[in-house]
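# Secondary and tertiary structure notes
If you want the building blocks of each chain, they are given just below.
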Amino acid sequence: MNREVWNERYRGADLVWGSGPNRFLVEVADSLTPGRALDVACGEGRNAIWLAGNGWAATGVDFSAAGLDKGRRLAAERGVSVTWIEADVTAWEPPGEYDLIAAMYVHLPAGVRRTVHATLVAALAPGGSLLVVGHDRTNLTDGFGGPPDPDILFTPEEIAAELAPLTISRSERVTREVETEHGMRQAIDTLVLAERTA
Ligand SMILES: C[S@@+](CC[C@H](N)C(=O)[O-])C[C@H]1O[C@@H](n2cnc3c(N)ncnc32)[C@H](O)[C@@H]1O
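Heads up: these notes are all about the structure in this document. (Residues numbered from 1 in each chain as written. Predicted model: local features only at pLDDT ≥ 70, side-chain atom pairs only at ≥ 80, totals over all residues.)

For the protein, the helix and strand inventory stands at 7 helices and 7 strands. Along the protein, from the amino end to the carboxyl end, the secondary structure elements read α-α-β-α-β-α-β-β-α-β-α-α-β-β. In terms of overall dimensions, the protein is globule-like: its C-alpha atoms have a radius of gyration of 16 Å, near the 16 Å expected for 198 residues. Projected onto the principal axes, the alpha-carbon positions of the protein cover approximately 50 × 40 × 30 Å. Out of the 198 residues in the protein, the part that is buried amounts to 38%. For the protein, the share of sequence-separated contacts (at least 6 apart) that also reach a separation of at least 24 residues comes to 67%. (Helix = DSSP H or I, 4+ residues; strand = E, 2+ residues; numbered from the N terminus. Rg over C-alpha atoms; globule rule 2.2 N^0.38 Å. Buried ≥ 20, exposed ≤ 12 C-beta atoms within 10 Å, placed from the backbone. Contact = placed C-beta atoms within 7 Å.)

Here is the structure:
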């Protein structure tokens, strides 16, 4: 989906992804000492805002101005400070080094995704952690929701291979309960956590 489609999606009053953080991010960040965090393709900022509220110096980057505006409003309501950057992450150099980088549900064509992951690996501070979570390819047939295009979905093995210069500490499929009008459904995500140990 291009920038205009995302802007259109974010123009409504409701938060598309809700105001609470992703639970896998919380689980990972809670085990780390807060430092500088980058939320890549942050959307309406739910994860960056949670990080900022939990001691992190958080930056959120997204190419949707409408998403970032909602992030600014939510951060102000919560009384937290986040650095917001409007940029296309496929052609962007992060302005610094980060102790935690989170790429949550960023679905790009595989070639572009590999380039973005290389950029994120390079932006990780020594000892820093990179968390990638997104809809697993098996979600298409066995799970709920997510994009229908298999080419932009991924697997733990593919993501772990792309983060190769890092030490992989988790590479797995995880499930997430989703509340729908027909009751609870299960979504299947890829989760890869990697650290710069050298
Ligand atoms: C499924 S949403 C996830 C938002 C957020 N990470 C979350 O979990 O709440 C995907 C986000 O990726 C952003 N995005 C997609 N392609 C992008 C690109 N090339 N550069 C920057 N942001 C992009 C969209 O604007 C959208 O906010």
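Where helix 3 (residues 46–53) contacts helix 4 (residues 65–78), the axes come no closer than 10 Å and their chain directions differ by 25°. The angle between the axes of helix 3 and helix 4 places the two elements in the roughly parallel class. Relative to helix 4, the crossing made by helix 3 is right-handed. Counting all contacts with helix 3, which are made through A48, I49, A52 and G53, the residues of helix 4 involved are G71, L74, A75 and R78. Within the contact of helix 3 with helix 4, the residues separate by chemical class into 5 nonpolar, 2 polar and 1 charged. (Axes fitted to C-alpha atoms, helices over the stretch in contact; angles between N-to-C directions. Parallel < 35°, antiparallel > 145°, perpendicular 65-115°, else oblique. Left-handed = near helix turned anticlockwise from the far one by under 90°. Nonpolar A, V, L, I, M, F, W, Y, C, P; charged D, E, K, R; others polar.)

Okay, the sheet that holds strand 2 (residues 57–62) next. What the 7 strands build is an open sheet, ordered 3-2-1-4-5-7-6; its pairing is mixed. The open sheet has two free edges, formed respectively by strand 3 (82–86) and strand 6 (167–180), since each of these has just one partner strand. Geometrically, the sheet is characterised by an average inter-axis angle of 20° between neighbouring strands, direction not taken into account. Examined bridge by bridge, strand 2 and strand 3 share 5 bridges and lie parallel to one another. Paired with G60 across the two strands is W84, which belongs to strand 3. (Pairing = 2+ DSSP bridges.)

Turning our eyes to something else, we now look at the packing of helix 1 (residues 3–10) against helix 4. Two packed helices can be described by the angle between their axes and the distance between those axes. Running from amino to carboxyl end, helix 1 crosses helix 4 at an angle of 40°, the nearest separation of the two axes being 7 Å. On the side of helix 1, the interface is formed by W6, N7 and Y10, while helix 4 contributes A65, A66, G67 and K70. Along the lines of polarity and charge, the residues of the contact of helix 1 with helix 4 split into 4 nonpolar, 2 polar and 1 charged.

Among the 18 residues in the neighbourhood of the ligand, the closest are listed as W6, A41, G43, F63 and M104. Class assignment for the residues of the shell around the ligand results in 9 nonpolar, 6 polar and 3 charged. (Near = placed C-beta within 6 Å.)

Right, let's talk about the pairing of strand 2 for a bit. The side chains of a regular strand alternate between the sheet's two faces. Buried residues dominate strand 2, accounting for 5 of its 6 residues. Where strand 1 (residues 36–40) and strand 2 come together, 5 bridges link them in parallel fashion. Following the sheet pairing, L38 is matched in strand 2 by T59. You can see the chain leave strand 1, run along helix 3 and come back into strand 2, and the turn it takes is right-handed. You can see the chain leave strand 2, run along helix 4 and come back into strand 3, and the turn it takes is right-handed. (Right-handed = clockwise from strand over helix to strand, strands pointing away.)

It is worth spelling out the nonpolar core at this point. Side chains of nonpolar character tend, in soluble globular proteins, to be buried together. Counting 42 residues, the largest nonpolar core has V40, L51, A52, I101, A102, A103 and L130 as the members making the most contacts within it. With 6 residues, the top contributor of residues to this core is strand 4 (residues 98–104). For I101, the residues in contact, after removing those within four places along its chain, are L38, V40, L120, A123, L124 and L130. (Core = buried A, V, L, I, M, F, W, Y, C linked by C-beta atoms within 7 Å.)

For the rest of this paragraph, the subject is the pairing of strand 7 (residues 183–195). Both strand 5 (residues 124–135) and strand 7 contribute to a ladder of 7 bridges, which runs antiparallel. Residue pairing across strands places L131 opposite L193, the latter belonging to strand 7. Of the pairings in the sheet, the one linking strand 6 to strand 7 comprises 13 bridges and is antiparallel in character. Directly across from E172, in strand 7, lies its bridge partner L191. Where strand 6 folds back onto strand 7 in an antiparallel hairpin, the turn is made up of 2 residues.

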